[in-house]
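This is what each chain is made of:
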Amino acid sequence: MERQNEGRSRRRGTRFPAAVAALLAAGLAVGGCSAGTERASDEGGPRGGRPAPAAPDGARTGTVAPAPRDGERRSPTPAPDYLSTFALDVDTASYGYARRTLAEGRLPDPATVRPEEFVNSFRPDYPRPEDNGFSVTLDGARTGADGWSLLRVGLATRGADRNAERPPAALTFVVDVSGSMDEPGRLDLVKESLGLLADQLRDDDSIALVTFSSEAETRLPMTRVGGARDRIREVFGSLATSSSTNVGAGVRTGYDVAVEGHRKGATNRVVLLSDALANTGDTEADPILARIDEERREYGITLFGVGVGSEYGDEFMERLADKGDGQTTYVSTPAQARKVFVDQLPSHVELRARDAKAQVAFDRRTVEKFRLVGYENRAVADDDFRNDRVDGGEVGAGHTVTALYAVKTRPGAAGPLATATVRWLDPATRAPHERSGTLGTAALTGDVWDDGHDSLQLTAIAAYFADALRGGDLPGAPGLPALAKRAGAIADRSGSAVVTELADALRRASGLLGPGRGEATGGEGELKSGDPYS
C-alpha cells in the first residue's frame, strides 16, 4: 500500500483472520545496519486524537522527537499521506501455520499470510529499556532497487525476571474437545502443553478450565495453584474428544468463569486452545465479539489464542484475539508447545503496555513514497494516535515488535528521513506514555545484503517471503531461491534452529511455486533456549 500524496487517513481495518495462536516466535540477535537511537521522552502527551510530532527539520541521525506535553505548541504536522499509524501486534500464528502447510506440501492460502507475523516470528536483539516502557530503534539499508531502501522500526520491552515479584495470574483455559480435535497433534498436544504449564505457574496463580464441543462445561472453577497441582494435572489429563465444535459456547462460558474468578490486581486472561473449526452454535465471530470487548473494557480480561491442527479457522480466531486485546500463536510439535507454555507464557504473564500504537512520520523533503509491509488489519487513523479510546495492542514482558517499510528516497536528498513514536498506557494506572526515535538518510549508505547485517537481513528475508506467498511486488525482492540461500547462511553462522526452519520453508515454497526453484529439505528443528534468534 504505497502512499503517494493520497491525502487520506488510514483507519483500522476489521481484522478478519484469526485462529488460535500467537504469543511468540523466533528471535534474532545480531545488530543491523546503521541505526538511529532513542533517548526517549516519557511524557504522555495530550489524550486527544492528534498525530505524533513531525519528523524534525534539520534533525541529526539519532536525535529524538520528544513527546509534547499538555499545552505545548507543535511543529506543523506532515500531510496525512506522510504519516503511518498502526496498533502494535506480536502475533506469530500466520508464520507458524504457513510452515505447517508448506511441510505438508501445500502453499498457504494468501489470505492467511500476514507479513508482520512472519517478521515478528524472529526476535532482533534490540536494546531493552530499564523501565516498563519501550525502547525505540531505527535502522535501514539500500535494497539495490531504483531508489528503494528498507527502514526498520524496532520496539522492545524489558524482559521478565522469573524470580522477581510480579502480579499473580488468573488464567481461564478454554479447550476445544470436539471431534475435530481427535487428530494427532491437536488435543494430545494441548493436554501435554497444559501439563507442562501446571508445573511452571506460581503458588499464588490461579487456573480455571472450561471445555467445549457441542456444549460448554466448567471442568475446574478458578483454583489457586498452590496445593492443587495434582488435582489440576488430573483434570487436564482426563480431557477427551466429543462431538461438534461450538466455539461460541466455549468462549461465553470461559468468560463467565473468568469474570466470576476475577482477581483485582492480577493479570486476568482467557487462553483459548482450539483448531477453531466452528460448525455449530455461533459459527461467526461477530456474536461473540461484543462479550469479549465488554469484559476487556470492564475487567481488563485479555484473550490469548493457541492454534493447533493441520486445518484451523485462522480468520475466525484472529478476530477473537484482536477484540480481546490479545495475541495468537500456533503450535504443531511438542517442542513448540514447550516453548510457548514453559518458556514464554509464565514469564509473559506480566504486561508492560496496553493499547500500544506506533506512528511513523516521514520527511517529505527526503522521502518520495513509502510502503509499510503488513499491518493492514492493524491500521489506525492518523488522528487517533493519541485517542486512548481507540484500541491498540497488548505487549508483555520481553517482547519485540518490528515494522518494516520500503522507502523510496528523493534523488540526491539528504537529511532527516523519519521519526517513529510509540504510545502506550500503563497497565496498572492507564497513564499514557510516549517515546520516539529518528533516522536520517546517512544511515542508508550500505546494502542490506552486505556482510555483517544478519539482523536486518533476517527481517528482510521474512518480509520478502510473506510478500512472495501473497503474490506481492515488494521492491528489491531477490526471489525465493536466493532468500533460502541467505537464510541458510545466517543459520550456519548462528547455529539457529529457527532460522534453519525458515530456510527449509523457503525451499519448500520455491519448489511448490515453480520447477527448479527449490527443494524441501530437513525436518522440524529443535527449539533450544540458547537459540540466538528464538
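Residue numbers run consecutively from 1 along every chain, following the written order of its sequence. Local features are withheld for residues below a pLDDT of 70 in this predicted model, meaning they are given only at 70 or higher, and side-chain atom pairs are given and counted only at 80 or more; totals for whole chains, interfaces and linings count all residues. To get the side-chain values, take all heavy atoms of the structure and skip hydrogens and water.

Caption draft 1: Structural view of the overall build of the protein chain. Going along the chain from the N terminus, every DSSP run of H or I of four or more residues is numbered as a helix, and every run of E of two or more is numbered as a strand. Within the protein chain, the regular secondary structure consists of 11 helices and 16 strands. Burial analysis of the protein chain (534 residues in total) assigns 62% to the buried set. In the protein chain, 83% of the contacts between residues at least 6 apart in sequence involve partners at least 24 apart. Each residue is assigned to one of three classes by its accessible area relative to the maximum for its type, calculated with a 1.4 Å probe on protein chains only: buried under 20%, partly exposed between the two thresholds, exposed over 50%. Any two residues whose heavy atoms approach within 4.5 Å at even a single point are treated as in contact.

Caption draft 2: Seen up close, the packing of helix H3 (residues 187–198) against helix H4 (residues 229–237). Fitted lines through C-alpha atoms serve as axes, helices being fitted only where they are in contact, and the angles separating the N-to-C directions of these axes extend from 0 to 180 degrees. Contact pair H3 / H4: the axes reach a minimum separation of 9 Å and the direction vectors enclose 175°. The pairing of H3 with H4 is recorded here as roughly antiparallel in orientation. Contacts from Lys-191, Leu-194, Gly-195 and Ala-198 of H3 reach H4 at Arg-229, Ile-232, Arg-233, Phe-236 and Gly-237. Residue polarity follows a fixed list, in which Ala, Val, Leu, Ile, Met, Phe, Trp, Tyr, Cys and Pro are nonpolar, Asp, Glu, Lys and Arg are charged, and the others, Gly among them, are polar. Residues that form the contact of H3 with H4 fall into these classes: four nonpolar, two polar and three charged. An angle below 35 degrees is read as roughly parallel, one above 145 as roughly antiparallel, one from 65 to 115 as roughly perpendicular, and any other as oblique.

Caption draft 3: A look at the pairing of strand E15 (residues 416–425). With respect to burial, E15 is a largely interior element, 10 of its 10 residues being buried. Here, a strand pair is defined by DSSP locating no fewer than two bridges between the strands. Relative to E15, strand E11 (residues 351–362) is paired through seven bridges, and the arrangement is antiparallel. Bridge pairing links Lys-357 to Arg-423 in E15. As defined by bridge partners, E15 adjoins strand E16 (residues 432–440) across nine bridges and the pair is classed as antiparallel. Looking at E16, one finds that Thr-421 is bridged to Ser-436. Joining the antiparallel neighbours E15 and E16 is a turn of six residues, in which Arg-430 adopts a positive phi near 60°.

Caption draft 4: Summary view of the packing of aromatic side chains. Centres within 6.5 Å are what make two rings of Phe, Tyr or Trp a pair, Trp counting through its six-membered ring; a difference in plane orientation under 30 degrees is then read as stacked, over 60 as edge-to-face, and the rest as tilted. By the definition in use, this model includes 10 aromatic pairs. A ring pair is formed by Phe-362 and Phe-370, whose centres lie 4.2 Å apart and whose planes are at 20°; its orientation type is stacked. Phe-370 matches Phe-362 in its accessibility class, with the two residues each being buried. Each residue in the set Tyr-95, Phe-118, Phe-122 and Phe-465 is aromatic and connected to the rest through ring pairs, giving one cluster. Over the face of the ring belonging to Tyr-82 we find Arg-364, whose NZ or CZ atom lies 4.4 Å from the ring centre. Throughout this description, the term charge over a ring refers to an Arg CZ or Lys NZ atom that lies within 6 Å of the ring centre and within 35 degrees of the ring normal.

Caption draft 5: Structural view of the side chain of Arg-166. By the secondary structure assignment, Arg-166 is in the loop between strand E4 (148–157) and strand E5 (169–176). Each polar contact in these results corresponds to two N or O atoms within 3.5 Å; when the atoms are within protein, one needs to be able to donate a hydrogen and the other to accept it, and residues that are neighboring in sequence are counted only if both atoms are side-chain atoms. At 2.7 Å, the side chain of Arg-166 forms a polar contact with the side chain of Asp-205. Residues within four places of Arg-166 in sequence aside, it is in contact with Arg-202, Asp-205, Pro-346, Val-349 and Glu-350.

Caption draft 6: Focus on a nonpolar patch on the surface. Patch definition: residues with relative accessible area over 30% and no salt bridge; like charges joined within 9 Å; nonpolar side chains (Val, Leu, Ile, Met, Phe, Trp, Tyr) joined within 5 Å. Per-residue accessibility takes into account occlusion by the displayed protein chains alone, with areas from the Shrake-Rupley method and a 1.4 Å probe. Between Lys or Arg on one side and Asp or Glu on the other, a salt bridge is scored when a side-chain nitrogen of the former is within 4 Å of a carboxyl oxygen of the latter. A cluster of nonpolar side chains, namely Leu-107, Leu-512 and Leu-513, defines an oily patch on the protein surface of about 220 Å² accessible area. Turning to its location among the elements, Leu-513 is positioned in helix H11 (residues 497–513).

Caption draft 7: Quick look at H11. Here a helix's expected span is defined as the number of its residues, less one, multiplied by 1.5 Å. With 17 residues, H11 ought to run about 24 Å at 1.5 Å a step, and its terminal C-alpha atoms sit 24 Å apart, in line with that. Burial analysis of H11 places 12 of its 17 residues in the buried class, which makes it a mostly covered element. For H11, every residue scored as buried is listed here: Ala-497, Val-498, Val-499, Glu-501, Leu-502, Ala-503, Asp-504, Ala-505, Leu-506, Arg-508, Ala-509 and Ser-510. Looking at the buried residues of H11, the elements they touch are helix H1 (93–103), helix H9 (454–469) and helix H10 (480–494).

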